[in-house]
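Examining the three-dimensional arrangement
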Amino acid sequence: MFEAPAGRSAPKHKQRKKMTKPEFLNNLRGVDNSEDLSREYLSQIYDSIADNPIAIYRPPSNTSLLDSALGKKTIKFVSGEFGHIIQGNIDLAGMIKHVIKSVKPCQELLRGLSSHEHPYLTIKNSRKNKKKSRKHLVPEELVRSAFCSLWHHFHGTINSALDAAHLDPKGLENCLDVLMYALCTTICLDLTVERNAFTSQLVRVKCFRENRGLEEDDSNIQKPVSRIRDHLDYKNDPWYTRIEKAAESYNENAKIEALDEVDSMFKKLHASLKVDSTLKKEMIKVARRIRNGQILLNDPTRYFLKEGLLKKKGNRSGRNIEYTFFLFSDVLIYAHKSGGLYKIHGELPLHQMKIMDLKTARQKKSFHLIHPRKSFVISASNTIDKATWLATIEAAMGREVKRKARIEGARQNSAAFDR
């Protein structure tokens, strides 16, 4: 970090060159998993610290001046709700000296620890191993007791990330590591209740991915799924069965296989969530270019697919008017540029749309778009551009129809269950 930038005067005994804002921004390049943080966000941090610099108290060399300036003040801590029952006189000058004196050993300790690599500690069952414990061995009972006391904090943090996953996919991506290590710990320690709790959260992550209309795989290819499934359906999946059987086995090799299964699954989830995060960023960039485009961000499952110039033939006038078409995962929008932003002229949901290729000699660059709201002929600049638009729109229509069918099926099943 930096201290007291932008012209703040430092103590005379220690003059330092102040870090400028460009230097501050350049130093933080690639710190977010090899990606850059928002320059606007970093600029706000710099300006905030510049306005309110971090100042460390430095006592005067003459302690008599300190004592006379601060002296002894009477501070009373009245007993209350949290049990503070301290009363009496406190030497404020002495307290500050003590705090400053305590900080120095902590700084030296951190400097010493930073130069050493921390070893992994091996968990050992003291009941099975009666021999004298070796270096870096931790009793299994101690780890079990500590984890049983703290696991619900990890569980709550992951739940919070899952609740906001549609708004912040990056937050869910960061929580995946916590979930993976927590689940692996429960497998190693044979904690059935805790393992079921974290496995249910893993199911929620997979449900989130499928409800987005995307499945995770090694190639990061977007694939539609046939229907929305609940947590009970996942219990019949091969991955769930393999993890449960291996975790319940007393064979250590079976547990290692379960850990490998978990590791492989989380690698796929990480890859898919990176794609999801990229789609979210692209969606925000496009929405900023459209007037009142923030409305497009209200649907967290929507993502951007394609943009281009096409000519729309008016049904009444018969004129060809050029518009910029924006294709999203669930809607097709056409707009024209006005005052630096695009003004929307039409918004057509894909699940109600039909598209017809026109193959006559005069219309070889055109296709007919049919919708309950509007139907018109669209012309591209060439046949290749037309074929690309046709393929992209038809694929998006197919995915959106299946997604709507899954949602409606889930709604009907829920209504039948309530009855």
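Residues numbered from 1 in each chain as written. Predicted model: local features only at pLDDT ≥ 70, side-chain atom pairs only at ≥ 80, totals over all residues. Heavy atoms only, no water.

Structural notes on the pattern of salt bridges
The final tally for this structure, using the stated rule, is 9 salt bridges. Residues Arg144 and Glu140 are paired through a salt bridge, measuring 2.5 Å at the closest nitrogen-oxygen approach. In this pair, Arg144 and Glu140 are both assigned in helix α5 (residues 140–163), 4 residues apart and thus about one turn of the helix distant. Residue Arg144 is classed as partly exposed on the basis of its relative accessible area, which comes to 26%. Among the salt bridges present, the one from Asp190 reaches Lys255, with a minimum N-O distance of 2.5 Å. (Salt bridge = Lys/Arg side-chain N within 4 Å of Asp/Glu carboxyl O. Helix = DSSP H or I, 4+ residues; strand = E, 2+ residues; numbered from the N terminus. Buried < 20%, exposed > 50% of the residue type's maximum accessible area, 1.4 Å probe, protein only.)

A closer look at the sheet that holds strand β6 (residues 320–328)
Taken together, 7 strands build an open sheet; the order of strands is β8-β7-β6-β5-β11-β10-β9 and the sheet is antiparallel. The open sheet terminates on both sides in strands that have one partner only, identified here as β8 (341–349) and β9 (354–357). Neighbour-to-neighbour, the strand axes of the sheet open up by a mean angle of 35 degrees, direction not taken into account. The pairing of strand β5 (residues 304–313) with strand β11 (residues 375–379) spans 3 bridges and is classified as antiparallel. Within β11, the residue paired with Lys313 across the bridge is Val377. (Pairing = 2+ DSSP bridges. Axes fitted to C-alpha atoms, helices over the stretch in contact; angles between N-to-C directions.)

A few points about unusual backbone geometry
You will see that Asp190, though not glycine, has its phi angle at about 60 degrees, which is positive. Tracing the sequence through the fold places Asp190 in the loop between α6 (169–188) and α7 (192–211). For Asn292, which is not glycine, the phi torsion reads 55 degrees and is therefore positive. Within the fold, Asn292 resides in the loop between α10 (252–288) and β5.

Quick word on the pairing of strand β10 (residues 366–370)
Summarising the sheet, β9 and β10 pair through 4 bridges and their orientation is antiparallel. Bridge pairing in β10 places Ile355 opposite Leu369. Note that β10 and β11 share 5 bridges and pair antiparallel. When the bridges of β11 are listed, Leu369 appears paired with Phe376. Hairpin connection, β10 to β11: the antiparallel pair is bridged by 4 residues.

Observations concerning the side chain of Thr199
You can see Thr199 is positioned in helix α7. Of the residues examined, Thr199 reaches a relative accessible area of 2% and is grouped as buried. Thr199 has contacts with Leu183, Tyr240 and Glu244, leaving out every residue within four places of it along the chain. (Contact = heavy atoms within 4.5 Å.)

Quick word on the pairing of strand β7 (residues 331–338)
Walk down a regular strand and you will see the side chains alternate between the two sheet faces. Of the pairings in the sheet, the one linking β6 to β7 comprises 4 bridges and is antiparallel in character. Bridge pairing in β7 links Thr324 to Ala335. Once β6 ends, the chain turns through 2 residues before running back antiparallel as β7. Pairing of β7 with β8, which is carried by 8 bridges, proceeds in the antiparallel orientation. Each bridged residue has a counterpart across the sheet, and for Ala335 the counterpart in β8 is Ile344. Two successive antiparallel strands, β7 and β8, enclose a turn made up of 2 residues, where Gly339 displays a positive phi of approximately 65 degrees.

Structural notes on the environment of Gly339
Here Gly339 lies in the loop between β7 and β8. Taking relative accessible area as the criterion, Gly339 reaches 84% and is therefore assigned exposed. Note: C-alpha distance between Gly339 and Arg291 (48 residues apart in sequence) is 9.6 Å.

Describing the confidence of the model for the protein chain
Considering every residue of the protein chain, the mean pLDDT works out to 75; 70% of them sit at 70 or more. Ranking the helices and strands of the protein chain by mean pLDDT puts β6 first, with 93, and strand β1 (residues 72–74) last, with 49. This model gives residues 72–88 a pLDDT under 50, and the stretch forms 19 contacts once residues within four places in sequence are excluded. Across residues 215–228, confidence stays below pLDDT 50; counting only partners more than four residues off in sequence or on other chains, it has 32 contacts. (pLDDT = per-residue confidence, 0-100.)

Describing the side chain of Gln201
Mapped onto the secondary structure, Gln201 falls in helix α7. Of the residues examined, Gln201 reaches a relative accessible area of 1% and is grouped as buried. Excluding residues that lie within four positions of it along the chain, Gln201 makes contacts with His155, Ile158, Asn159, Leu162 and Leu179.

Re the nonpolar core
In terms of nonpolar packing, the biggest core is built from 34 residues, with Phe198, Leu202, Val262 and Phe266 touching the most fellow members. Of all elements in the fold, only α5, α6, α7, α9 (238–248) and α10 reach the threshold of two or more residues within this core. For this core, the leading source of residues is α6, giving 8 residues. Setting aside chain neighbours within four positions, we find Phe198 in contact with Phe147, Trp151, Phe154, His155, Ile158, Leu179, Ala182, Leu183 and Thr186. Counting residues in each nonpolar core, the second largest holds 20 residues, with Phe367, Leu369, Ile378 and Ala380 among its members. (Core = buried A, V, L, I, M, F, W, Y, C linked by side-chain atoms within 4.5 Å.)

Side note on a nonpolar patch on the surface
Nonpolar side chains collect at one region of the surface, where Met95, Val99 and Val103 lie side by side and expose about 230 Å² of accessible area between them. Here Val103 is to be found in helix α4 (residues 92–114). We classify Val103 as partly exposed; its relative accessible area is 38%. (Patch = residues over 30% accessible without salt bridge, like charges linked within 9 Å, V, L, I, M, F, W, Y side chains within 5 Å. Areas by Shrake-Rupley, 256 points an atom, 1.4 Å probe, with all protein chains shown as cover.)

A few points about the packing of aromatic side chains
If you walk through the whole model with that rule in mind, you get 8 aromatic pairs. Relative to Phe198, the ring of Trp151 has its centre 5.9 Å away and its plane inclined at 75 degrees; by these criteria the two rings are edge-to-face. Here Phe198 lies in helix α7 and Trp151 lies in helix α5, a separation of 47 residues in the sequence. Note on accessibility: Trp151 and Phe198 belong to one class, buried. A network of ring pairs unites the aromatic residues Tyr323, Phe325, Tyr334 and Phe376 as a single cluster. In this arrangement the basic side chain of Lys306 is found over the ring face of Trp389, its NZ or CZ atom lying 5.1 Å from the centre. A cation sits over an aromatic face here: Lys312 above Phe376, 5.0 Å from the ring centre. (Phe/Tyr/Trp six-rings, centres within 6.5 Å; stacked < 30°, edge-to-face > 60°. Lys NZ or Arg CZ within 6 Å of the ring centre and 35° of its normal.)

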